[in-house]
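# Coordinate analysis (summary)
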Amino acid sequence: MEFRRTLGRFATGVTVVAAYDEGGNPRGLTANAFMSVSLDPPLVLVSLDNRSRTKPVLERAGRYGVSVLAEEQKALSDHFAGRPQEGLAIVFVERAGAPVLEGALAQVVARVVEAHPAGDHTLFLGEVEHLAYREGRPLLYYAGRYARLEE
């Protein structure tokens, strides 16, 4: 618990990581363990809990979409974190063969080039195949709760 509380003092953005299941349906989860790794070649990394239902979907799909959420998209974060939001409109769009959320602050699609077991998580290193962004304010996570940027 001390480990989690201490590392929670590192503010992060909030993402939804998604991939298509065998039926072509998008499956995703909320994650704040997302980072850039390299500019040349462009590489990103996501870390997924080994117990998550999305992990085997991502492994089979071989590519994933990362939607960086804006502060007005907190309901999407809650929904994909396992707290369903009644009446929430969830609109995925396909980019480079992976689902990303329409209206996200940034969209990144990556092809898995390596997967590394790491304790109770698996790290998925991906080569970027699509990038897009818009202006806006990010949804942040700090010390176990949502936070906002101040001017």
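Residues numbered from 1 in each chain as written. Predicted model: local features only at pLDDT ≥ 70, side-chain atom pairs only at ≥ 80, totals over all residues. Heavy atoms only, no water.

Here we take up helix α2 (residues 54–61). Along α2, the residues classified as buried are T54, K55, V57 and L58. Viewed along the axis of α2, the buried residues span an arc of 160°, placing them on a single side of the element. Check the buried side of α2 and you find it contacts β2 (15–20), β3 (26–31), β5 (42–49), β6 (63–68), β9 (106–118) and β10 (121–133). G62 occupies a position one or two residues after α2 and carries a positive phi of about 80°. (Buried < 20%, exposed > 50% of the residue type's maximum accessible area, 1.4 Å probe, protein only. Helix = DSSP H or I, 4+ residues; strand = E, 2+ residues; numbered from the N terminus. Arc of directions from axis to C-beta. Contact = heavy atoms within 4.5 Å.)

In this section: the nonpolar core. With 15 residues, the main nonpolar core has V17, V44, V46, L58, Y64, V66 and F124 as its most contacted residues. Elements with a contribution of two residues or more to this core: β2, β3, β5, α2, β6, β9 and β10. Beyond its immediate sequence surroundings of up to four residues, V44 is in contact with F34, M35, S36, V37, Y64, V108, A110, F124, L125, G126 and V128. Grouped together as the second largest cluster of nonpolar side chains are 7 residues, V14, V16, L69 and F80 included. (Core = buried A, V, L, I, M, F, W, Y, C linked by side-chain atoms within 4.5 Å.)

Pairing in this open sheet of 3 strands is antiparallel, and the strands run β1-β11-β12 from one edge to the other. Each edge of the open sheet carries a strand with a single partner, namely β1 (12–13) and β12 (145–147). (Pairing = 2+ DSSP bridges.)

Let us now look at the side chain of D78. The residue D78 is located in helix α3 (residues 74–80) in this model. Within the local environment of D78, its side chain forms a polar contact with the side chain of Y146, the two groups lying 2.7 Å apart. In contact with D78, other than residues within four places in its own chain, are R83, Q85 and Y146. (Polar contact = N/O pair within 3.5 Å; in protein donor to acceptor, adjacent residues only side chain to side chain.)

In this section: the packing of aromatic side chains. This structure, assessed with the given rule, holds 2 aromatic pairs. Seen from their ring centres, F80 and F92 are 5.8 Å apart, and the 75° between their planes marks the pair as edge-to-face. Taken as a pair, F80 in helix α3 and F92 in strand β7 (residues 92–95) lie far apart in primary sequence, 12 residues in all. A residue is classified by how much of its surface remains accessible, and F80, at 13% relative accessible area, is buried. Taking the centre distance of 5.6 Å and the plane angle of 80° together, the rings of Y141 and Y146 count as edge-to-face. (Phe/Tyr/Trp six-rings, centres within 6.5 Å; stacked < 30°, edge-to-face > 60°.)

This part takes up the pattern of salt bridges. Here the structure, examined in full by the defined rule, presents 13 salt bridges. Residues R63 and E129 are paired through a salt bridge, measuring 2.6 Å at the closest nitrogen-oxygen approach. One end of the pair, R63, is in strand β6; the other, E129, is in strand β10, with 66 residues separating them in the sequence. Classification of R63 as partly exposed rests on a relative accessible area of 22%. Of the charged contacts, one joins E129 and R111 as a salt bridge, the two residues approaching to 3.3 Å between their closest N and O atoms. Residue E129 is located in strand β10, and its partner R111 is located in strand β9; the two are separated by 18 residues in the primary sequence. Of the residues examined, E129 reaches a relative accessible area of 37% and is grouped as partly exposed. (Salt bridge = Lys/Arg side-chain N within 4 Å of Asp/Glu carboxyl O.)

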